[in-house]
Amino acid sequence: MIGAMENAVEKIKVWFRFVPREGWFPQDIEGLWATRLSADTAAIENVPFLQDGVAEGDVVQFQTDSDGLHWAVGRVSSAGNCTVRVVPVPSGPLGRSPQAVHQRLAVFHLGGEVMSKDFPMVAFNVPAGADFAGIKALLNQGQDEGWWHYEVGCGTDEWRSA
C-alpha cells in the first residue's frame, strides 16, 4: 500500500508583485494558492483578484526567497482559462449582491470567489471551451444596463476573438 505522504500534493502560496493601479486597491502583492509541480514551477489553483495576466490552472515559475516565500517570475504556460472580475453597481438593480452577480451568470456554470463583504467583487474563472461569446454578451449587457462593472484580468486569443 502506498503511504499517504507519497500521494500528497504540495499546496503552496505563490506571491505576485505588481504596481498598484490609481483609484484601485493600495496592495502591491497578491498571494495565490498553487500546486507545486517542480522545484520552481506551480499550477495556480484560485482566481486572482488583483494580479493580471494569469488565470486559474496556469503554470508559473517562481523563485523562493530567504524567508521561504515563493515569488512568481513569469508564466510558463496557459491553461486557456480567463479571469473576469465583476463588481455590482451599488445603486443598480443588483445592489451590492455578489450572489445576484453569480445568479445572472449561473447559466455559464462559472466558478468564482468574492473578495469581501466590504468590496463585493466576484473574480470568475472562465474555463477554456466556455461560451466566451455568450459570456461577453451578458457582461456587456450588464454593464450597459447598470448591473455591474467588469474587467478581464486575463484573456486568451479565443476570448478576444469570440
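Look a little higher up for the structure.
Report follows, based on the coordinates. (Residues numbered from 1 in each chain as written. Predicted model: local features only at pLDDT ≥ 70, side-chain atom pairs only at ≥ 80, totals over all residues. Heavy atoms only, no water.)

**Side note on the pattern of salt bridges**
Right, on to step 1. Summed over the entire model, instances satisfying the criterion amount to five salt bridges.
Right, on to step 2. Between Glu10 and Arg36 there is a salt bridge; the shortest N-O distance is 2.9 Å. With a gap of 26 residues between them, Glu10 in the loop between helix H1 (4–7) and strand E1 (11–17) and Arg36 in strand E2 (residues 29–36) connect regions that are remote in the sequence.
Right, on to step 3. Residue Arg36 is classed as partly exposed on the basis of its relative accessible area, which comes to 25%. (Salt bridge = Lys/Arg side-chain N within 4 Å of Asp/Glu carboxyl O. Helix = DSSP H or I, 4+ residues; strand = E, 2+ residues; numbered from the N terminus. Buried < 20%, exposed > 50% of the residue type's maximum accessible area, 1.4 Å probe, protein only.)

**Describing the sheet that holds strand E4 (residues 59–64)**
Adjacent strands of a sheet pair through backbone hydrogen bonds, lying either parallel or antiparallel.
Right, on to step 1. In spatial order, the strands read E1-E2-E3-E4-E5; together these five strands close into a barrel with mixed pairing. On average, each strand axis in the sheet is inclined to that of its neighbour by 55°, with strand direction left out of account.
Right, on to step 2. Pairing of E4 with strand E5 (residues 70–77) involves six bridges; the strand directions are antiparallel. Following the sheet pairing, Phe62 is matched in E5 by Ala72. (Pairing = 2+ DSSP bridges. Axes fitted to C-alpha atoms, helices over the stretch in contact; angles between N-to-C directions.)

**So, the sheet that holds strand E6 (residues 82–88)**
Right, on to step 1. Pairing is antiparallel in the open sheet, where four strands are placed in the order E7-E8-E6-E9. Here the strands that pair on one side only, and so sit at the sheet edges, are strand E7 (111–114) and strand E9 (148–154). This sheet shows a mean twist of 20° between the axes of neighbouring strands, independent of strand direction.
Right, on to step 2. Across the sheet, helix H2 (residues 98–105) is in contact with E6, E7, strand E8 (122–126) and E9; its angle to E8 comes to roughly 25°.
Right, on to step 3. Against the sheet, helix H3 (residues 132–144) touches E6, E8 and E9, its axis set at about 140° to E9. (Contact = heavy atoms within 4.5 Å.)

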